[in-house]
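The residues making up each chain are set out below.
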Amino acid sequence: MRSGTVAVIGKANAGKSTLVNVLVGEKVAIVSPKPQTTRDRILGILTREEGQIVFADTPGLYKQRNELTAQMMRTTDETAKEVDAVLFVHDGHAGVQPDDVAMMKKYLSSGLPAVIAYTKIDIMPEENIVKDFETLSAAGIAADVVPVSARKGKNLKKLLQAVYSMLPEGAPLYPDDIVSDRSEKFMISEIMREKILLGYEKEIPHGVAIVVNEFKKREDGVYEVNLDIVCEKKNHKAILIGKGGSALKETASRARKEMEKFLDAKVFLTTYVKVREDWRDSTSLMTQFGY
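None of the values given here were measured: they were computed from a predicted structure. (Residues numbered from 1 in each chain as written. Predicted model: local features only at pLDDT ≥ 70, side-chain atom pairs only at ≥ 80, totals over all residues. Heavy atoms only, no water.)

(A) Spotlight on helix H3 (residues 98-108). Turning to H3, its buried residues number three or more, namely Asp100, Val101, Met104, Tyr107 and Leu108. Down the axis of H3, the smallest arc covering the buried residues is 140°, so these residues share one side. Looking at the buried side of H3, the elements it contacts are strand S1 (2-9), helix H2 (67-80), strand S4 (85-91), strand S5 (114-119) and helix H4 (126-138). (Buried < 20%, exposed > 50% of the residue type's maximum accessible area, 1.4 Å probe, protein only. Helix = DSSP H or I, 4+ residues; strand = E, 2+ residues; numbered from the N terminus. Arc of directions from axis to C-beta. Contact = heavy atoms within 4.5 Å.)

(B) Geometry of the packing of helix H6 (residues 184-199) against helix H8 (residues 246-263). Close contact between H6 and H8 brings their axes to 9 Å; oriented N to C, the two are set at 145°. Relative to H8, H6 is oriented so that their crossing is right-handed. Contacts from Glu184, Met187, Ile188, Ile191, Met192, Lys195 and Ile196 of H6 reach H8 at Thr251, Ala252, Arg254, Ala255, Glu258, Met259, Phe262 and Leu263. Residue composition of the contact of H6 with H8, grouped by class: ten nonpolar, one polar and four charged. (Axes fitted to C-alpha atoms, helices over the stretch in contact; angles between N-to-C directions. Left-handed = near helix turned anticlockwise from the far one by under 90°. Nonpolar A, V, L, I, M, F, W, Y, C, P; charged D, E, K, R; others polar.)

(C) Structural detail: the nonpolar core. With 33 residues, the main nonpolar core has Ile9, Phe88, Leu108, Ile116, Trp279 and Phe289 as its most contacted residues. Only S1, H2, S4, H3, S5, H4, strand S7 (209-217) and helix H9 (283-288) provide two or more residues apiece to this core. Non-local contacts of tryptophan 279, meaning those with residues more than four positions away in its chain, are made with Arg39, Leu68, Gly207, Val208, Ala209, Val230, Cys231, Glu232, Leu285, Met286, Phe289 and Tyr291. Core analysis: the second largest hydrophobic core is formed by 27 residues, Val8, Val115, Val148 and Ala162 among them. (Core = buried A, V, L, I, M, F, W, Y, C linked by side-chain atoms within 4.5 Å.)

(D) Quick peek at the packing of aromatic side chains. The full count for this structure, using the stated rule, is four aromatic pairs. Taking 5.4 Å as the distance between ring centres and 25° as the angle between the ring planes, the aromatic pair formed by phenylalanine 215 and tyrosine 223 counts as stacked. Accessibility expressed as a relative area gives 23% for phenylalanine 215, which makes it partly exposed. Since its relative accessible area comes to 9%, tyrosine 223 is described here as buried. Ring centres of tryptophan 279 and phenylalanine 289 lie 5.5 Å apart, and the angle between their planes is 75°; on these two criteria the pair is classed as edge-to-face. Here phenylalanine 289 lies in the segment after H9 and tryptophan 279 lies in the loop between strand S9 (267-275) and H9, a separation of ten residues in the sequence. Of the two residues examined, tryptophan 279 and phenylalanine 289, each falls in the buried class. An aromatic cluster is built from Trp279, Phe289 and Tyr291, whose rings are joined through pairwise contacts. (Phe/Tyr/Trp six-rings, centres within 6.5 Å; stacked < 30°, edge-to-face > 60°.)

Pasting the structure below:
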C-alpha cells in the first residue's frame, strides 16, 4: 500500500478545488470562477485498496495585494515543502504562457516527485493540447503531463495512477472514513462564502469573511447557524443586503439549501452583515476571523 501527502498547486482558477472534489468523490472545498476562492490549505483524502492520497488543496497563485493574499501565498509555499509529492494544476484552456512555465519550474524544482494535471480539455481544441505539450517540453518541463477534464471525468484514472506511483510505501495517515481535515462548522462558513462569491460582482466577495457565532444541533435534529458576514466598507454592506434586504435573503436561501444538503438535515440560518474596514491588512482581525 502507498500513502502520502500531495500538494495541489496552481494559478487561481486553474480548477484545483474542482479537481480535488471530483477525485475525492465529495465536496471538501468550495468552488467559484473568481480568484481567491480557496484561502486556506484544505485536505481532501482519498482511500482506496491501492493506498491513501492526502491532497493538500492550496490557495491559487495570485498577485499579492494585501496581507491576506500574502499569507495565502506563504501557505502555498510552506505546503509545497511539507509533502511527499506535487500535483501542479494548469488551466489548459488558458494556454501556456511564460509565467506558467516559471511557476511550474519553481514548484517542480524541489526534487519531489511531481505530475502536471492539464485541465479543462473538454472546452478546448485538441490541437491546442499538442501545441502546449510541445511548448512545455521545449521549456524543459520534465514532469509527466496528464490532460484531464474534472467536469467530464476524462483521464482521471490515469491521473490517479500517476499520483499513487509517486507516493512512498506506508500505512494510511487517516482512518478510511475520513475525507477531509476540516470540521462541519468550517464547511458551513465556506458554503456561505461560496454563495457570496457566486452572487456578487467585482471586489465585494474578495473583501468578505464569514464568522460563525453559533453552530449547534437541536434535539429535533435541526441545526441552528448564526453567522456574521464581514465586509470592508459601508457601501459594500448596503450592496450585500440589497434593497429591502432582498439580496441577502436570496444569498442566504441558497446557502441554507447547500448547508442542508451538506449536513443532511434542516438548517435554521441567521445572518448579519458587519463592517470591519481593511480587515485583510489587519493581522489581529484575520486571526479573529480564522485566517
